[in-house]
Amino acid sequence: MVKAVVAGAAGGIGQPLSLLLKLSPLVDELALYDVHQSQVQGVSVDLSHISSPAKITGYDNTGDSLDGAKAAMKDAGIIVIPAGVPRKPGMTRDDLFKINAGIVKGLIEVAAEVAPKAFILVISNPVNSTVPIAAETLKAKGVFDAKKLFGVTTLDVVRSETFVSEITGIKTSDLNIPVVGGHSGETIVPLFSKATPKVDIPDDKYAALVNRIQYGGDEVVKAKEGKGPGGSATLSMALAGFRFAEKVLKAAKGEKGLVEPSYVYLPGVPGGDVVKEANGGLDFFSVPVELGPNGVEKVTNPLTDLTDKESSLLKECLKKLPKNIEDGVDFVKAPAQK
Ligand SMILES: NC(=O)C1=CN([C@@H]2O[C@H](COP(=O)(O)OP(=O)(O)OC[C@H]3O[C@@H](n4cnc5c(N)ncnc54)[C@H](O)[C@@H]3O)[C@@H](O)[C@H]2O)C=CC1
Ligand SMILES: O=C([O-])CC(=O)C(=O)O
């Protein structure tokens, strides 16, 4: 019996993500949680009419309590978190930290209490910092299992597949492109030299392609012009979040050979120490993760034999990512100094 939870289910990502999970045969119960009471109840009733097996339940809180969050997450197998505010034009993902840091910490505290063994997939931005916040919160509660905590960076992979396919003509479904590092701007490092099948990016297209992958989020934010629900990517993100969640659930059921990059805590996962040595000592990094019944089975070090261009991208990533990680860790460990 697999209980899945979407926290932030009434939002721009939450709604389509919940629809995809409702359609999945891998989910037996889908609990939708949001602080937006009327919206989450409406979405729950709406989805509950779909004739797929997953049973839908909807939760919000009574007053200031977290009773809805607790009931939603109780004994969950997988918790996907797109709760929080999205960007509007002119904002960076780091601008979201002020609000989303506390939201993620609060949700993880509930998860630690009522579903300490759940797989936790963090979508809320800035992922580079919200995942360290989640890790430190779980550590403080004594229930941290790094193999089960994932920052969802799948949208960077999805965008890479789309944009590389446009240039090379290779079908997106045939492409496998590791995108590593973090999830914002220059911290996003696509490694075309490690793609399968081999992809040939013409020199005159390389910089623009990398830029489009790194700033794909900004392209959407700009196009949406701050109008309508969800100021940033919602539909492509719902697909990406579902793709990653589905792999986690399939691996939990014993399917083998499932690999996808994800932003994980390296010291707590098999193979992580090698990546940590290669990235200059960072604890958190997005790397190709092989999934198994207990989450991360092992991670592979993607930072070998990089091309000169990729080494330059990595260098830029490593200028920014450490501060993002530190901000997240300090938010939990040293809040007074913030
Ligand atoms: N990891 C990634 O690749 C991506 C991440 N994102 C991030 O996902 C987040 C959500 O984006 P959208 O769905 O577009 O925003 P949205 O504003 O449409 O939806 C967010 C939902 O979260 C709910 N919420 C707020 N605080 C909550 C709490 N404490 N508990 C439960 N629910 C709460 C809101 O009521 C709302 O329904 C943003 O932080 C955004 O930056 C967006 C796209 C890609
Ligand atoms: O750009 C944003 O704010 C949302 C996001 O993370 C993405 O689309 O990759």
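Residues numbered from 1 in each chain as written. Chains lettered and ligands numbered in written order. Predicted model: local features only at pLDDT ≥ 70, side-chain atom pairs only at ≥ 80, totals over all residues. Heavy atoms only, no water.

Rule in force here: UniProt positions are given in the numbering used here, feature names are shortened, and annotations may be inferred rather than shown by experiment.
If you look the protein chain up in an unreviewed UniProt entry, it shows as Malate dehydrogenase from Xylaria arbuscula. Under the UniProt heading Sequence similarities (unreviewed entry), the entry covering the protein chain gives this text: "Belongs to the LDH/MDH superfamily. MDH type 1 family."

## Quick notes on the overall build of the protein chain
What counts here: Under the scheme used here, helices are H or I runs from DSSP no shorter than 4 residues and strands are E runs no shorter than 2 residues, and both carry numbers assigned from the N terminus. Note on exposure labels: buried denotes an accessible area under 20% of the residue type's maximum, exposed denotes more than 50%, and partly exposed covers the range between, all computed with a 1.4 Å probe on protein chains only. Contact definition: two residues touch when any of their heavy atoms are within 4.5 Å. Accessibility throughout is a Shrake-Rupley quantity obtained with a 1.4 Å probe, and a residue counts as covered only by protein chains that appear here. A residue counts as positive if it is Lys or Arg and as negative if it is Asp or Glu; His and the chain ends are not included. We put the charge of a Lys on NZ, of an Arg on CZ, of an Asp on CG and of a Glu on CD.
Summing up its helical and strand segments, the protein chain has 11 helices and 11 strands in all. Taken over the C-alpha atoms alone, the protein chain extends approximately 55 × 45 × 45 Å along its principal axes. Burial status across the protein chain gives 54% buried among its 338 residues. Within the protein chain, contacts between residues separated by at least 24 positions form 72% of all contacts whose residues are at least 6 apart in sequence. Entry remark: accessible area of the protein chain is about 14300 Å², with carbon and sulfur atoms responsible for 53%. Taking the average location of the 38 positive side-chain charges in the protein chain and that of its 40 negative ones, the two points are 1 Å from each other.

## Considerations on the pairing of strand 5 (residues 119-122)
Two faces make up the sheet, and in a regular strand the side chains alternate between them. Selection criterion: Paired strands, in this sense, are two strands between which DSSP finds at least two bridges. With the strands pointing away from the viewer, any crossover whose connection runs clockwise from the first strand over the helix to the second is right-handed.
Alternating residues of strand 5 divide into F119 and L121 and I120 and V122, and every residue in both groups is buried. Bridge analysis of strand 4 (residues 78-81) against strand 5 gives 4 bridges, and the strand direction is parallel. Counterpart to I78 in the pairing with strand 5 is F119. Where the polypeptide runs from strand 4 across helix 4 (residues 97-114) and back to strand 5, its parallel neighbour, the crossover connection is right-handed.

## Remarks on the environment of I99
Residue position: I99 is located in helix 4. Sequence spacing of I99 and G216 is 117 residues, and the spatial spacing of their C-alpha atoms is 23 Å.

## Re the site of ligand 1
Keep this limit in mind: By convention in this text, a residue qualifies as near a molecule or strand provided that one of its non-hydrogen atoms is within 4 Å of it. Two N or O atoms form a polar contact when they lie within 3.5 Å of each other; inside protein one atom must be a possible hydrogen donor and the other a possible acceptor, and for residues adjacent in sequence the pair counts only when both atoms belong to side chains. Under the grouping applied here, Gly and all other residues not named as nonpolar or charged are polar, the nonpolar ones being Ala, Val, Leu, Ile, Met, Phe, Trp, Tyr, Cys and Pro and the charged ones Asp, Glu, Lys and Arg.
Near ligand 1 there are 30 residues, and of these G12, I13, D34, V85 and N125 occur at the shortest range. In the environment of ligand 1, an oxygen atom lies 3.1 Å from a nitrogen or oxygen atom belonging to the side chain of N100. One nitrogen or oxygen atom from the main chain of I123 is found 3.1 Å from a nitrogen atom belonging to ligand 1. Protein chains shield 87% of the accessible area of ligand 1, which is 870 Å² for the free molecule. Along the lines of polarity and charge, the residues of the shell around ligand 1 split into 17 nonpolar, 12 polar and 1 charged.

## Comments concerning the site of ligand 2
Taken together, the neighbourhood of ligand 2 is formed by R87, R93, N125, L155, R159, H183, G217, S232 and A233. R159 is positioned with one of its side-chain polar atoms (N or O) 2.7 Å from an oxygen atom of ligand 2. Relative to its unbound accessible surface of 260 Å², ligand 2 loses 96% to contact with the protein. Classifying every residue of the shell around ligand 2 by side-chain character gives 2 nonpolar, 4 polar and 3 charged.

## Details of the pattern of salt bridges
Test applied: Throughout this description, the term salt bridge denotes a Lys or Arg side-chain nitrogen within 4 Å of a carboxyl oxygen of Asp or Glu.
Counted by the stated rule, this structure contains 18 salt bridges. With its nearest N and O atoms 3.7 Å apart, the salt bridge here joins D75 to K74. The class of D75 is exposed, set by a relative accessible area of 56%. The class of K74 is partly exposed, set by a relative accessible area of 45%. With a closest N to O distance of 3.3 Å, E166 and R212 form a salt bridge. Here E166 is found in helix 6 (residues 154-168), whereas its partner R212 is found in helix 7 (residues 203-214), with 46 residues between them in sequence. Judged by its relative accessible area of 55%, E166 falls in the exposed class. Owing to a relative accessible area of 30%, R212 belongs among the partly exposed residues under this scheme. Connected through shared salt-bridge partners, E161, R243, K247 and E260 make up one network.

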